[in-house]
Amino acid sequence: MVSYMEHKDLAQTVIDEAREREIADNVHRTLERLAKAVEESGREPGDVQLLAATKTQNVGEIMAAIRAGIRLIGENRPQEVVAKIDGVRAACADMGLTVGLAQPEDGTDGEPDIPLHLIGQLQSNKINKILPHTNVIESVDSVALAQKIARRAIARHMVAHVLLEVNESGESSKSGCEADEARDIAGEICACEGVQLVGLMTVGAHVDDEARIRQGFMHLRELRDELVGSGETGTQYCTELSMGMSGDAHIAIEEGSTQVRLGRAIFGERLFV
Ligand SMILES: *Cc1c(COP(=O)(O)O)cnc(C)c1O
């Protein structure tokens, strides 16, 4: 599944000029479109964050996006985080920017200039690999996984910020918990020491029918509103809605997304999935 990692050197820092320009143009166009979509849906500038989904992109390609204005990145696979994080941190340090979870040697524990999220599936044996680097784990899909993250976070004297991923489309190929179990799972995660549930995440239905895609996004927003409104301990932090990708971001923004995750719009079609 990750065989592309054997073919592409993800730590590569040098890219050619044409690729640099392609990514810069894409970022600028994407930021403009995003601003327009936010305005057209009657929301305020800054309501919707743009996360660049950097899977299969090397350090040089990620830096091109950052130079063009990207300020939030998301990786799918723990192995990719490990392969690239040192290179991205070093290149960003040259620009005076911090990336990912603060390191002890930084002497700060505030928000970095460029937060790093994990947006792909997480196996429990990889938790310790990514905890020192990621600001948010968006792909928590069970109480059991949240508890494992919590135990490891407590051992590191930290609280891990997580999103609950919900399979709103019901498609069997999709990760995430089942939609009708999400309320209970979210409630349990909120009560769990060592993690803080900061929102919900979903991947839109893979269909042409806009109404069906929209339905999933609406349901996620209703769930978020219900959680925050419940007043239960811990639910007050559950504010983020990570929804919308290159093909359906405009719908997600209309339905209240606070963070869209775009890969192809920024980097072009992927050579590897
Ligand atoms: C790849 C990926 C994205 C970005 O998808 P694009 O269609 O390339 O915009 C967003 N979220 C997740 C979880 C992904 O795996």
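Predicted model, so just to flag it, every value in this text is computed and none were measured.

1. As for the side chain of Asn167
Right, so step 1: Relative to the helices and strands, Asn167 is located in strand 5 (residues 160-167).
Right, so step 2: The exposure class of Asn167 is buried, given its relative accessible area of 11%.
Right, so step 3: Within polar-contact distance, the side chain of Asn167 engages the side chain of Ser169 at 3.2 Å.
Right, so step 4: Each residue touching Asn167, except ones within four places of it in the same chain, is listed here: Lys174, Ser175, Gly176, Cys177 and Ala179.

2. A few points about the nonpolar core
Generally speaking, soluble globular proteins have nonpolar side chains that are buried together.
Right, so step 1: In this structure, Ile137, Ile149, Leu164, Ile189 and Ile266 are the most contacted members of the largest nonpolar core, which totals 72 residues.
Right, so step 2: For Ile149, the contacting residues outside a window of four places in its chain are Leu122, Ile127, Leu131, Ile137, Val140, Ala160 and Val195.
Right, so step 3: Ranked by size, the runner-up nonpolar core spans eight residues in total, among them Ala53, Ile119, Leu163 and Met201.

3. Quick look at the layout of surface pockets
Right, so step 1: What the second largest pocket holds in volume is close to 630 Å³.
Right, so step 2: Elements supplying a minimum of two residues to the lining of the second largest pocket: strand 4 (136-140), strand 5 and strand 8 (240-242).
Right, so step 3: With three residues, the single largest contributor to the lining of the second largest pocket is strand 5.
Right, so step 4: For the lining of the second largest pocket, a count of residues per class yields 13 nonpolar, 10 polar and five charged.

4. Describing empty space enclosed by the protein
Right, so step 1: Tallied over the full model, the rule gives two cavities of 30 Å³ or more.
Right, so step 2: Counted as a void, the largest cavity has a volume near 50 Å³.
Right, so step 3: Of all the elements in the fold, those that place two or more residues in the lining of the largest cavity are strand 2 (73-75) and helix 4 (78-94).
Right, so step 4: It is helix 4 that contributes the most residues to the lining of the largest cavity, four residues altogether.
Right, so step 5: Its boundaries defined by the atoms lining it, the second largest cavity holds a volume of some 40 Å³.
Right, so step 6: Considered class by class, the residues forming the lining of the second largest cavity number four nonpolar, four polar and two charged.

5. Points about the pattern of salt bridges
Right, so step 1: Under the defined criterion, the tally for this structure stands at 19 salt bridges.
Right, so step 2: A salt bridge links Arg221 to Glu255; the nearest nitrogen and oxygen atoms lie 3.5 Å apart. In this pair, Arg221 sits in helix 8 (residues 210-230) while Glu255 sits in the loop between helix 9 (249-254) and strand 9 (259-262), placing the two residues 34 residues apart along the sequence.
Right, so step 3: Overlapping salt bridges, with partners in common, bring together Glu210, Arg214, Arg221, Glu254 and Glu255 in one network.

6. A short note on a negative patch on the surface
Right, so step 1: Taken together, the side chains of Glu178, Asp180, Glu181, Asp184 and Glu188 define an acidic patch exposed on the protein surface.
Right, so step 2: Inspection of the secondary structure assignment puts Asp184 in helix 7 (residues 182-190).

7. A look at the side chain of Arg89
Right, so step 1: Relative to the assigned elements, Arg89 resides in helix 4.
Right, so step 2: This buried residue, Arg89, is left without a salt bridge; Asp86 holds the nearest opposite charge, at 5.0 Å.
Right, so step 3: A polar side-chain atom of Arg89 sits 2.4 Å from the main-chain carbonyl oxygen of Val99.
Right, so step 4: Excluding residues that lie within four positions of it along the chain, Arg89 makes contacts with Val99, Gly100, Leu101, Gln103, Pro132 and His133.

8. Some points on the site of the ligand
Right, so step 1: Neighbouring the ligand are the residues Ala53, Lys55, Asn76, Ile119, Met245, Ser246, Arg261, Leu262, Gly263, Arg264 and Arg270.
Right, so step 2: Between the ligand and Ser246 there is a distance of 2.5 Å, counted from an oxygen atom to a side-chain nitrogen or oxygen.
Right, so step 3: Partitioning the shell around the ligand into residue classes produces four nonpolar, three polar and four charged.

9. Digging into the pairing of strand 9
The side chains of a regular strand alternate between the sheet's two faces.
Right, so step 1: Burial of the side chains of strand 9 extends over both faces: Gln259 and Arg261 are buried on one face and Val260 and Leu262 on the other.
Right, so step 2: Of the pairings in the sheet, the one linking strand 1 (residues 49-53) to strand 9 comprises four bridges and is parallel in character. In the sheet register, Leu51 faces strand 9, and the bridge partner there is Arg261.

10. Quick notes on the pairing of strand 5
Right, so step 1: Counted residue by residue, strand 5 has seven buried out of eight residues, so it is predominantly covered.
Right, so step 2: Strand direction decides the pairing type here: strand 4 and strand 5, joined by three bridges, are parallel. Opposite Val136, over in strand 5, you have His161 as the bridge partner.
Right, so step 3: For the segment spanning strand 4, helix 6 (residues 143-155) and strand 5, crossover handedness is right-handed.
Right, so step 4: Pairing between strand 5 and strand 7 (residues 195-201): six bridges, direction parallel. Bridging across to strand 7, Ala160 finds its partner in Val195.
Right, so step 5: Relative to strand 6 (residues 177-178), strand 5 runs parallel, the two sharing two bridges. In the sheet register, Val166 faces strand 6, and the bridge partner there is Cys177.

Cut-offs and rules
- Residues numbered from 1 in each chain as written.
- Predicted model: local features only at pLDDT ≥ 70, side-chain atom pairs only at ≥ 80, totals over all residues.
- Heavy atoms only, no water.
- Helix = DSSP H or I, 4+ residues; strand = E, 2+ residues; numbered from the N terminus.
- Buried < 20%, exposed > 50% of the residue type's maximum accessible area, 1.4 Å probe, protein only.
- Polar contact = N/O pair within 3.5 Å; in protein donor to acceptor, adjacent residues only side chain to side chain.
- Contact = heavy atoms within 4.5 Å.
- Core = buried A, V, L, I, M, F, W, Y, C linked by side-chain atoms within 4.5 Å.
- 1 Å grid on protein atoms, 1.4 Å probe; cavity = no way out; pocket = protein on both sides within 12 Å on 5 of 7 lines; lining within 4 Å.
- Points joined across faces, edges and corners; volume = space filled by probe spheres on them.
- Nonpolar A, V, L, I, M, F, W, Y, C, P; charged D, E, K, R; others polar.
- Salt bridge = Lys/Arg side-chain N within 4 Å of Asp/Glu carboxyl O.
- Patch = residues over 30% accessible without salt bridge, like charges linked within 9 Å, V, L, I, M, F, W, Y side chains within 5 Å.
- Areas by Shrake-Rupley, 256 points an atom, 1.4 Å probe, with all protein chains shown as cover.
- Lys, Arg positive; Asp, Glu negative; His and termini not counted.
- Charge placed at Lys NZ, Arg CZ, Asp CG, Glu CD.
- Near = heavy atom within 4 Å.
- Pairing = 2+ DSSP bridges.
- Right-handed = clockwise from strand over helix to strand, strands pointing away.

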